[in-house]
Amino acid sequence: MGSHARPNRLHRTGARVATVALFGAVLPITAGGIAQAATPAAEQNEGAPAADTQDVPAVAADHAYLLDARDGSQEREMWAGAKADESVSMASTTKIMTAVVVLKHPEWLDRQITVKQEYRDYVQENGASTADLQTGDKLTARQLLHAMLIPSGGDAAMALADNYGVGNTTEARVADFVSQMNVEAAQLGMTGTHFDSFDGISHGDNRSTARDLAKLGQRAMLQPVFADVVKLKKYEAEAPAANGRTRYYTWETTNDLLSSYDGALGVKTGSGEEAGYSLVFAAKRDNRTLVGAIVGADKEVFGDATKILDWGFAH
């Protein structure tokens, strides 16, 4: 794994090490409730700031953005940091779009995907975060979404890209999948975003803006499967192992807001030696859902996210 300021907790793209065992209690794979965007009680003009420009969140992050969610096609800007529209590396928040592309084919969620050794090799060679998937195990696409979004598994992200892309080789399928991510970004109006990666390990041009990522987070949260996954603090799964026995996986979230912020709904962390810290976050209180993003920060972002959400719910 790559070096990091807090190696026991966050890895290069924002993950804790997953726990894997061959023996353990059999636990059903279930999903929680559904997060939905809510209409604010007091309507305001779309795109208009909710407060005086002097009344802003007291945070250091300037690549930051907060919106008040309405529905899948509307959102009201509440606050934009000074660099909310500057494109910077987004690390593992990339995986939100990976999930969005996968969820365009809900009919495939329960098909089994075999873990290849090259998925494990990929995380080793790139210092990527991992769900510690074991070669030869068979997991469903739904389980792989949990493995990608909860412990931020780059191996799970590669498995999804390899199986949802089109082509005769792994390289071709992954390239096709990343192309699908860029098509989806264009359709969502994410003009400051470009993907060259399925997990955030950039090849030179994997970037986004805080505004784009908040918008992406809002749209993703309207997908019930996505919302059910990203609100989980912990997930336990079982899968057929290569030796014919059963493998038991335990994955824990990288998102500290789920434990520390009342009403937190998710969404996704990201970190890297060059990318810094990023976070797309959402919370619901009093029938209001706020979604925000911080990208490319030079310190952990949970404190700033808390202040931004507190400010938003007060306005």
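All of these numbers come straight from a predicted model, not from anything done at the bench. One numbering rule holds for all chains: residues counted from 1, following each sequence as written. Local features in this predicted model are restricted to residues of pLDDT 70 or higher, and side-chain atom pairs are both shown and tallied only at a pLDDT of 80 or more, whereas totals for entire chains, interfaces and linings draw on every residue. Processing note: side-chain calculations cover all non-hydrogen atoms of the structure and skip hydrogens and water entirely.

Below, the discussion takes up the pairing of strand β10 (residues 264–272). Put simply, side chains in a regular strand alternate between the two faces of the sheet. Residue burial is assigned from relative accessible area. The probe radius is 1.4 Å, only protein chains are included, and a residue is buried under 20% of its type maximum, exposed over 50%, and partly exposed in between. A helix here means a DSSP run of H or I that spans at least four residues, while a strand means a run of E at least two residues long, and both kinds are numbered starting from the N terminus. Counting buried residues in β10 gives nine out of nine residues, a clear majority hidden from the surface. We treat two strands as partners when DSSP finds at least two bridges between them. Where β10 meets strand β11 (residues 276–285), eight bridges bridge the pair, whose relative direction is antiparallel. Across the sheet, the residue bridging to G270 is S278, located in β11. Between β10 and β11, which follow one another and run antiparallel, lie three residues.

On the secondary structure map, T253 appears in the loop between β9 (246–252) and α8 (257–260). What makes T253 buried here is its relative accessible area of 10%. Looking at T253, its side chain comes within polar contact range of the main-chain nitrogen of N255, at 3.0 Å. Nitrogen and oxygen atoms within 3.5 Å of one another constitute a polar contact, given that in protein one can donate a hydrogen and the other can accept it, and given that sequence-neighbouring residues count only through two side-chain atoms.

Any two of the Phe, Tyr and Trp rings considered here, Trp counted by its six-membered ring, make a pair once their centres fall within 6.5 Å; the pair's planes then place it as stacked at under 30 degrees, edge-to-face at over 60, or tilted in between. Following the criterion strictly, the structure yields four aromatic pairs and no others. Plain terms: the ring middles of Y122 and F198 are 5.2 Å apart, the flat faces sit at 45° to each other, and that makes the pair tilted. In this pair, Y122 sits in helix α2 (residues 117–126) while F198 sits in the loop between α5 (170–187) and β7 (207–208), placing the two residues 76 residues apart along the sequence. Look at Y122 and you get buried, because its relative accessible area is 11%. On the accessibility criterion, F198 (6% relative accessible area) is buried. Cation placement over rings: the criterion is NZ of Lys or CZ of Arg within 6 Å of the ring centroid and within 35° of the ring normal. Across from the ring centre of W108, 4.7 Å away, lies the NZ or CZ of R111, which sits over that ring. Lying over the aromatic face of Y164, R111 brings its terminal NZ or CZ to 5.2 Å of the ring centre.

Turning our attention to the nonpolar core. Residues grouped as a nonpolar core are buried Ala, Val, Leu, Ile, Met, Phe, Trp, Tyr and Cys residues, joined through side-chain atoms within 4.5 Å. Judged by nonpolar contacts, the single largest core of 70 residues is most densely connected at M97, L133, L160, F226 and W251. Top element by residues in this core is helix α4 (residues 154–164). It accounts for seven residues. The contacts of M97, once residues within four sequence positions are left out, are M181, E184, A185, L188, M190, F195 and L216. Among the nonpolar cores identified, the runner-up in size contains 24 residues, and A61, A64, F302 and A305 belong to it. Here, residues are in contact when the closest pair of their heavy atoms is within 4.5 Å.

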